[in-house]
Amino acid sequence: MSALLVREMTLADCERVAEIRVGGWQTAYRGIIPQSYLDTMSVPEDAERRRTHFLERSAEVVNLVAERDGEIVGWVCHGPYRAGEVRTPELELYALYVAPESYGVGVGRALIEESVRRCTAAGQARMYLWVLKENARARRFYERSGFRPDGTEEPFEVDGVQVPEVRYVRELTG
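Residues numbered from 1 in each chain as written. Predicted model: local features only at pLDDT ≥ 70, side-chain atom pairs only at ≥ 80, totals over all residues. Heavy atoms only, no water.

> How should I be thinking about the overall build of the protein in this particular structure?
When its secondary structure is counted, the protein shows five helices and nine strands. What you see in the protein, going N to C, is helices and strands ordered as β-α-α-α-β-β-β-α-β-α-β-β-β-β. The globule rule puts the C-alpha radius of gyration for 174 residues at 16 Å, and the 16 Å found for the protein is close to it. The principal-axis extent of the C-alpha atoms belonging to the protein is close to 45 × 40 × 35 Å. Out of the 174 residues belonging to the protein, those deemed buried represent 47%. Pairs at least 24 apart in sequence give 62% of the contacts found in the protein among residues at least 6 apart. Carbon and sulfur atoms make up 49% of the accessible area of the protein, which amounts to about 9200 Å² in all. (Helix = DSSP H or I, 4+ residues; strand = E, 2+ residues; numbered from the N terminus. Rg over C-alpha atoms; globule rule 2.2 N^0.38 Å. Buried < 20%, exposed > 50% of the residue type's maximum accessible area, 1.4 Å probe, protein only. Contact = heavy atoms within 4.5 Å. Areas by Shrake-Rupley, 256 points an atom, 1.4 Å probe, with all protein chains shown as cover.)

If you want it as structure tokens, here you go:
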């Protein structure tokens, strides 16, 4: 297997990131998120949202992609912690998605390590993330990556179904 490269995302990467994100939802959230919602997810629509988010993001938001043999196989995004509509000085891992065919080969680990490395180098004390309470696979991954649930839960509704999220935190050391 060739080396994995983690680099800054570009606008041209949005289509592939949308493919990975939609595929990730449809794979990882099957049985958690209503199938009716998963079935209507659209790569072209998500790609347009990715482009809009990418162009309108603040300088504090970091998008990274993992690439192997010239193909993007994962994406991570972090930035200021979102407390409702308010952004705080603390950090949040907004998204981490790996192409389903690349699960279990270190892509997610490489992305999260680079994100944490950048946040630590910037002098940040901690990083938060939200994960679906029922997403056991992701929760195990985050726990292996040094994140711990802090006891905070939030409601999240998709197509009229409650799918609560739990907050995780990782203390960063310099």
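Having seen it, we continue.
> So what exactly am I meant to see when it comes to unusual backbone geometry here?
Most peptide bonds take the trans configuration, and most residues that are not glycine carry a negative phi. Its identity as a non-glycine residue notwithstanding, Asp-69 has a phi of 55 degrees, on the positive side. Note on Asp-69: relative accessible area 64%, which makes it exposed. In this structure, Asp-159 takes a positive phi of about 50 degrees despite not being glycine. For Asp-159, a relative accessible area of 49% translates into the label partly exposed.

> What's the story with the side chain of Glu-67 in this structure? I'm lost.
Inspection of the secondary structure assignment puts Glu-67 in strand 2 (residues 62-68). A residue is classified by how much of its surface remains accessible, and Glu-67, at 17% relative accessible area, is buried. A distance of 2.9 Å separates the side chain of Glu-67 from the side chain of Arg-7, its partner in a polar contact. Setting aside residues up to four positions removed in sequence, Glu-67 forms contacts with Ala-3, Leu-4, Leu-5, Arg-7, Ile-72 and Val-73. (Polar contact = N/O pair within 3.5 Å; in protein donor to acceptor, adjacent residues only side chain to side chain.)

> Any chance you could explain the pairing of strand 2 here in plain terms?
Residues in a regular strand point their side chains to alternate faces of the sheet. Of all seven residues in strand 2, seven are buried; the element is thus mostly enclosed. Covered by surrounding structure in strand 2 are Val-62, Leu-64, Ala-66 and Arg-68 together with Asn-63, Val-65 and Glu-67, the residues of both alternating faces. In this structure, strand 1 (residues 4-8) lies alongside strand 2, joined through five bridges in antiparallel fashion. By the bridge assignment for strand 2, Glu-8 is matched with Leu-64. Examined bridge by bridge, strand 2 and strand 3 (residues 71-83) share seven bridges and lie antiparallel to one another. Bridge pairing in strand 3 links Leu-64 to Val-76. Joining the antiparallel neighbours strand 2 and strand 3 is a turn of two residues, in which Asp-69 adopts a positive phi near 55 degrees. (Pairing = 2+ DSSP bridges.)

> Help me out: how do you make sense of the packing of helix 1 (residues 14-28) against helix 3 (residues 43-56) in this one?
Describing two packed helices takes the angle between their axes plus the distance from one axis to the other. Packing of helix 1 against helix 3 brings their axes to within 8 Å, and their N-to-C directions diverge by 125 degrees. When the interaxial angle is binned, helix 1 and helix 3 end up oblique. The element helix 1 and its partner helix 3 pack so that their crossing is right-handed. Of the residues in helix 3, those in contact with Cys-14, Glu-15, Val-17, Ala-18, Glu-19, Arg-21 and Val-22 of helix 1 are Val-43, Asp-46, Ala-47, Arg-50, Arg-51 and Phe-54. Residue classes in the contact of helix 1 with helix 3 are distributed as seven nonpolar, no polar and six charged. (Axes fitted to C-alpha atoms, helices over the stretch in contact; angles between N-to-C directions. Parallel < 35°, antiparallel > 145°, perpendicular 65-115°, else oblique. Left-handed = near helix turned anticlockwise from the far one by under 90°. Nonpolar A, V, L, I, M, F, W, Y, C, P; charged D, E, K, R; others polar.)

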